[in-house]
Amino acid sequence: MADGASPLAYNSTWQVRSDAWCSLEESSAQLVLAGAQHRPVEELGQTIADLLDVLGPIERFWAFPGMQAFGKVRRLFAAGKYDRFAALVRGINRALATDSFRTGQAWDLGAEDEALDRAAHPMEQARTDRPYFEVLIVEDMTEQQEYSLREELRRWRRPDDAFIYEIVVVPSIEDAIMAARLNYRLQACVVRRRFARRSPYDSSSLAHFVDSVVADDVMELSPEERAQVLARSLARIRPELDLYLMTEISVEDMAGRLSHHFRRIFHAREGSLELHLSILDGVAARYRTPFFSALKNYSHRPTGVFHALPISHGKSIVESHWIRDMIDFYGMEIFLAETSATCGGLDSLLEPTGPLRDAQQLAAETFGSRQTYFVTNGTSTANKIVVQALVQPGDIVLVDRNCHQSHHYGLMLAGAMVTYLDAYPLNHYSMYGAVPLREIKRQLLELRKAGKLDRVKMLLLTNCTFDGMVYNPIRVMEECLAIKPDLVFLWDEAWFAFARFHPVYRPRTAMRAARTLGEQLRQPEYRERYQEFASEVGAIDAADDEVLLERRLLPDPARARVRVYSTQSTHKTLTSLRQGSMIHVSDQDFNQKAEDTFHEAYMTHTSTSPNYQILASLDLGRRQADLEGFELVQKQIENAMRLRDAVDNHPLLSKFMRCLTTADLIPAEYRSSGIDQPLRSGLPNMIKAWDTDEFVLDPSRITIYIGATGFDGDHFKRSQLMDRYGVQINKTSRNTVLFMTTIGTTRSSVAYLIEVLVTIARDLEARIADMSPAERGAHERAVQRLTSASAPLPDFSGFHSSFRDSPAETTPEGDVRRAFYLAYNDSYCEYLMPEEAEQRVENGEQVVSTTYVTPYPPGYPVLVPGQVFSQEILAFMRSLDTPEVHGYRPDLGYRVYVDKALEIAAADCPKPLRDGPPA
Ligand SMILES: Cc1ncc(COP(=O)(O)O)c(C=O)c1O
C-alpha cells in the first residue's frame, strides 16, 4: 500500500471486505485454540476487534450476511462465546468465498444456534443456476418492519423464477448513495417515502463514497421531489439500476410528473407482489440476449443445408477422417451454431429486423447511445464506416496524427483533406500524449481565417489513447462547436468501452458527453450563460483569434448541433470474441443527414457473411456489461492499483523499474487540479481531477519505466516476459512497457506478474554482480542510452504543395488519397537509402513519401503519402532500433516520388469540391 493511501481509496471495498472476513476466520479459529490451551488472547482479541471495526460500516450495504447476523457476530465475540463466534464467522466467510449465499438459502444466521453452520453447507436442493442480485430499499424503517418486508418479498418467490434477490435497507440519501457506490450486486432500487438526508451511522471511514451533490435543503422538498433528487443522483452513479418509486399519495398524478429515471411507480398499500414481479421483469429485460438466444434455438433445430457453409451443424467434419480433431478441440456446439441462414428466427446484419435489431437496441440502452451498430471486423472497420458515412471527398478532417492506422486508411479512401494534429510529445519515453485543445482550436481558427471553415467536417480523436491519456470530451466539443457549430466528432474509443461502467470514467466517454452536452444546450440557464459569454466576446465569427484561444468558449445553443460517434473494440476491454466491435451514435441530425450514407458505408465494409459467433458474443458481452460491468471495472482498477503499489514499493523492483504516474505522463499545464496522482490520493481527488483536468490518466493502464534494466521495451517484452514466462503485453517504447488490467484480470494474475517481474529483477541483479568489467561497461552504456534523451519525436512536417489545394495555401491540409494512388504508377517512384534522403533534404530538395512509413513501436506513421521528409524525421528514424518498420524496405530504402510525378500532380491538382467560403 502506498504511503498514506487508505485501504478504501481505490473505490472498491470488495477486496478489503473479503480480506477482512478471511482474516477474521483465521483469527477467530486461533482464538478458540488459544482459549483451549489457556494462552493469553488479548492481542488476538484486539486484532478481531479491529477487523470488526473495518467491517462494521461496510456490512450494512450488503444483504448477506446482513446486519442482524453481523450484530450476532459482534455479540458473541463481546460475550466471550468464542466457539460459537468462530463457527458463525467460518460459516459466513465460507458462504462469501464460495458464493453459496447466492442460492438464497441458509440465511437465518441471526436466529438459532443450529443455523450457524448452515451458510457453509447450503441445502442441497437449492438452485445454483439462477443469477442472484440485491435490491436497495430506501426507507427509514424499524428492524421489525425490515424483517417483515424481507419475508414478504421472499414469500413471492417461485421455483421457476429466473433470478433470486435479497434486499438491503438503508434509511437515508447518504446511505443510498454509498450503497450504490459500494454494493455492485445491486440491480434495482425502491425509493419509498420516509428517508433522511444524512446517515444516522458513523460513516467517517467511508467518507470517500459520500456524494456531496445532494444539497442539505433537500429535506424541505416534498417526499416525491426528494425521491426525484435521489433518483437523479443514483442514475448518475449507476444508470443501469432499475429505479422504482413507492408512494402513498395519488400515484396516477405522480405518474405523469415522474422523472424518466423511475421505471415504475407503485402505491405503498397495494402490497408487494407487483413490485416483486417488476423487479424480476426489469432484470429480465436487461438479461435478454435476443441474438444469442435466437442462435441457440436455431442451432438445436434439425436442418437440411442446401446452401453454402458445409461446416454448418458440423456436417463436413463429423464424417471426415482427417479433421476430427477440430470437433475434439472446439466441441460440437459451435458448429451447430454455424449457419448462413438469415431467417428461421435469425436475422441479417445488413438489414436487421429481428433479433439483431433488438440486440443492437439493447446495446444502445446499455451504452447510452441513440443507435448502436455491431461490427464484426474490429474497430479498424468501424472507423472506416463512420468516416465514409460522414466525409465527402474534399472535406477537411482534423485528426491526431498519432491515431490508429485505420483512420489514416479510412481518410485516404474517403478522399478527405487531412489536417494532422500534433499531440504533446513525451520525448523521454519516446511516446506521444494527446492533442491539446489549444492546438485543435488554433487549427480551426487558421481554417476560419483562410475562409475554409465550411469545408471542415470532422474532428477525430482517440479517447483514451493506447497509453491511457483520456480527453475531456465535453470540453473539447463545447469549444470546437463554438467555432464550428456543425462539426462532427468521431471519438475512437477502441480501448474505452469499459469506461461507461464506472461513475468517474463515464462523463469522459463520448456518449455520456454527447448526452450531457445536448441536455445542457437545451437548458434556459445555459442560454443565460451563453448570453453573458457572447456579450463579453462579441460575435464569435468576428472575435480575435488570441482572445478565442485564451478563453473557454461556449457554443451558441441556437446553432450548435450535437453530432457524436464513437467506435469501441468490445473485444479489447469487455467480453466479446476477437473483432467484436460497436459503433455508437449520438447524432441529432442522423436521420436527416447521415442515416443513408451510414447505411451505404456499412454495406461497403461489412461482409455479407458476418460471423454469427462474434455477433452472439457482442450480445452476451452487452448483457454482462449491463449487469456486472460496475463490479468488474472496479475490480479492474483495484487490480491495477495493487500492481502499481507492488512495483513501486518492492525494494528490488523499484531499483530497476517504476510505474509512470499522471505527473510523468501529463504535463502540469494540462492538470488544472494540480493533483499528481489522482486515484492514489483518494477517490475525491480522482473525481476532482477527472472533473476538471484537460487530460487524465486511465489508472488501469500501467506504463512501467524500465530504462534502468538496460533492456529496451521490445527486448523486455519478447525475451523476458513472453519467451520466459508467457506474459503477454502489447505496447512498448524505447524504455517503457505497458501493462493493462481488464475485466478479465484476476488477483492471481496480478500476483503472477509481480512474481515474474521480481524474478527478472533478481536474475538481473545476479547477472550484474557476475559481470566482467567489460560486460558491466556494456550494461552501463545500455542503461545510459535508455535513460538519456533520444531524438525528439518529430512533428508533422507538412504535405508537398502538389497535394494541397494550391501552393499558396496557408493551412496545412493535404489530399492523402491523391498522394497514395499516384504511387500506383511505378515510373513516378524511386527508392532512396536513408543517407541519400538526408543528403537531398540537406540540399534543400523536397523529398516526398509515396506511402505510410510506420515503425512498431511506436506504431503511428512517421510519414504519410504526400508528406515531405524533414531532418527531424530522418534523425528520429535513425535513432530507432526497432526491427519492424512498415513502408520501409531495408534493402531499398524509402519509396519517394520523382520530381516528374510531383510536377504532374501539381498540374493535375483538382479544385476542391466546394471552393472557398459561401457567398
Ligand atoms: C486506437 C485504436 N483504434 C482502433 C484500433 C483497431 O481496433 P480493432 O483491433 O478492434 O480492429 C486499435 C487497435 O489497436 C486502436 O489502438
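Because the structure is predicted, anything quoted here is derived from the model rather than measured.

Definitions and cut-offs
- Just so you know, the residues in each chain are numbered from 1, in the order the chain's sequence is written.
- The model is predicted, so local features are restricted to residues of pLDDT at least 70 and side-chain atom pairs to those at 80 or more, both for listing and for counting; the totals for chains, interfaces and linings are taken over all residues.
- Side-chain measures here rest on the full set of heavy atoms in the structure, leaving out hydrogens and waters.
- It suffices for a single heavy atom of a residue to lie within 4 Å of a molecule or strand for the residue to be listed as near it.
- Pairs of N or O atoms within 3.5 Å make up the polar contacts considered here, provided that, within protein, one atom can donate a hydrogen while the other can accept it, and that residues adjacent in sequence are counted only when both atoms are side-chain atoms.
- For the area figures, the Shrake-Rupley method with a 1.4 Å probe applies, and any residue is considered shielded solely by the protein chains shown.
- Cavity and pocket criteria rest on a 1 Å grid covering protein atoms alone: a 1.4 Å probe that fits but cannot get out defines a cavity, protein on both sides within 12 Å along at least 5 of 7 lines defines an open pocket, and an atom within 4 Å of a point defines a lining residue.
- The rule for placing a molecule in a cavity or pocket is simple: more than half of its atoms must lie within 2 Å of the grid points.
- Helical segments are the DSSP runs of H or I of at least four residues, strand segments are the runs of E of at least two, and each set is numbered from the N terminus.
- Burial here depends on accessible area, computed with a 1.4 Å probe over protein chains only, as a share of the maximum for the residue type. Under 20% is buried, over 50% is exposed, and the range in between is partly exposed.
- Paired strands, in this sense, are two strands between which DSSP finds at least two bridges.
- Grid points are joined across faces, edges and corners, and a volume is the space filled by probe spheres set on the points.
- The term salt bridge refers to a side-chain nitrogen of Lys or Arg lying within 4 Å of a carboxyl oxygen of Asp or Glu.
- The contact criterion used throughout is that any non-hydrogen atoms of two residues lie within 4.5 Å.
- An axis is simply a line fitted to the C-alpha atoms; with a helix, the fit covers only the stretch in contact. Between two such axes, the angle follows the N-to-C directions and lies from 0 to 180 degrees.
- Patch criteria: residues need more than 30% relative accessible area and no salt bridge. Like-charged residues are merged within 9 Å; nonpolar side chains of Val, Leu, Ile, Met, Phe, Trp and Tyr are merged within 5 Å.
- Two rings from Phe, Tyr or Trp (for Trp, the six-membered ring) form a pair when their centres are within 6.5 Å of each other. A pair whose planes differ by under 30 degrees is stacked, one over 60 is edge-to-face, and the rest are tilted.

Trainee: Where do I start with the site of the ligand in this structure?
Mentor: Around the ligand, the structure places G378, T379, S380, N383, H404, T462, D492, A494, W495, S569, H571 and K572. Here a nitrogen atom of the ligand sits 2.6 Å away from a polar atom, N or O, in the side chain of D492. Surface burial for the ligand is 85%, taken as the share of its 400 Å² of free accessible area covered by protein chains. In this structure the site holding the ligand corresponds to the second largest pocket. At the level of elements, α15 (378-390) and α22 (570-573) are the ones that each hand at least two residues to the shell around the ligand.

Trainee: Help me understand the pairing of strand β19 (residues 736-740) in this model?
Mentor: Looking down a regular strand, the side chains alternate between one sheet face and the other. Burial within β19 is extensive, with four of its five residues counted as buried. With five bridges connecting them, strand β18 (residues 701-705) and β19 associate as antiparallel partners. By the bridge assignment, Y705 is partnered in β19 with T736.

Trainee: Looking at this structure, I do not really get the layout of surface pockets. What am I missing?
Mentor: One way to see where empty space is left: roll a probe the size of a water molecule over the atoms. What the second largest pocket holds in volume is close to 1,200 Å³. As for the second largest pocket, its lining consists of 42 residues, of which H404, F466, W495, K572 and N730 are closest to the centre. Those elements giving two or more residues to the lining of the second largest pocket turn out to be α15, α16 (405-414), β10 (431-432), α22 and α28 (713-725).

Trainee: Can you walk me through the pattern of salt bridges in this structure?
Mentor: Proximity of charged atoms lets side chains of opposite charge pair with each other. Applying the stated criterion across every chain, the model contains 54 salt bridges. The salt bridge involving R264 is made with E274; its shortest N-O contact spans 3.3 Å. Taken together, the residues span a long stretch of sequence, with R264 in strand β5 (residues 262-267) and E274 in helix α9 (residues 273-287) at a distance of ten residues. Judged by relative accessible area, R264 falls into the partly exposed class, the value being 36%. Between D589 and R561 there is a salt bridge whose closest N-O contact spans 2.7 Å. A residue pair is termed long-range when its members are at least 10 positions apart, and D589 in the loop between β15 (581-587) and α23 (590-605) and R561 in the loop between α21 (545-550) and β14 (563-568) qualify at 28 residues. Using a relative accessible area of 29% as the deciding quantity, one classes R561 as partly exposed. What you see here is one network of salt bridges that share partners, running through E151, R154, R157 and E166.

Trainee: Help me understand the sheet that holds β18, please; the structure alone is not making it clear to me.
Mentor: Two orientations exist for strands paired in a sheet by backbone hydrogen bonds: parallel and antiparallel. The strand order across the open sheet built from three strands is β16-β18-β19, with neighbouring strands paired in antiparallel fashion. The sheet terminates laterally at β16 (658-659) and β19, the two strands that pair on one side only. Seen against the sheet, helix α24 (residues 612-649) touches β16, β18 and β19 and runs at an angle of roughly 15 degrees to β18.

Trainee: How should the sheet that holds strand β1 (residues 132-138) be read in this particular structure?
Mentor: Taken together, the five strands give an open sheet; going across it, the order is β2-β1-β3-β4-β5, and neighbouring strands pair in parallel fashion. This sheet does not close on itself; its edge strands, each paired only once, are β2 (164-170) and β5. The mean inter-strand angle of the sheet, taken between neighbouring strand axes irrespective of direction, is 25 degrees. Taken together, the five bridges between β1 and strand β3 (residues 186-191) define a ladder with parallel strand orientation. Paired with V138 across the two strands is V191, which belongs to β3. α9 rests against β1, β2, β3, β4 (242-247) and β5 of the sheet, and its axis sits at about 170 degrees to β5.

Trainee: I keep staring at a nonpolar patch on the surface and nothing clicks. Help me out?
Mentor: Residues F329, Y330 and I334 make up a contiguous nonpolar surface patch of about 350 Å² in total accessible area. Among the secondary structure elements, F329 is positioned in helix α12 (residues 324-330).

Trainee: For this particular structure, what's the right way to read the packing of aromatic side chains?
Mentor: Two numbers describe a pair of aromatic rings. These are the distance of the centres and the angle of the planes. All chains considered together, the criterion is met by 45 aromatic pairs. A centroid spacing of 6.1 Å and a plane angle of 35 degrees characterise the contact between F77 and Y82, whose relative ring orientation is tilted. Residue F77 is classed as buried on the basis of its relative accessible area of 15%. Y82 gets classed as partly exposed once you look at its relative accessible area, which sits at 26%. The interplanar angle of 20 degrees and the centroid separation of 6.2 Å between the aromatic rings of F598 and Y602 together place this pair among those described as stacked. In this pair, F598 and Y602 both sit in helix α23, four residues apart, roughly one turn of the helix. According to the relative accessible area criterion, F598 is buried, its value standing at 2%. Each residue in the set Y373, Y565, F590, F598 and Y602 is aromatic and connected to the rest through ring pairs, giving one cluster.

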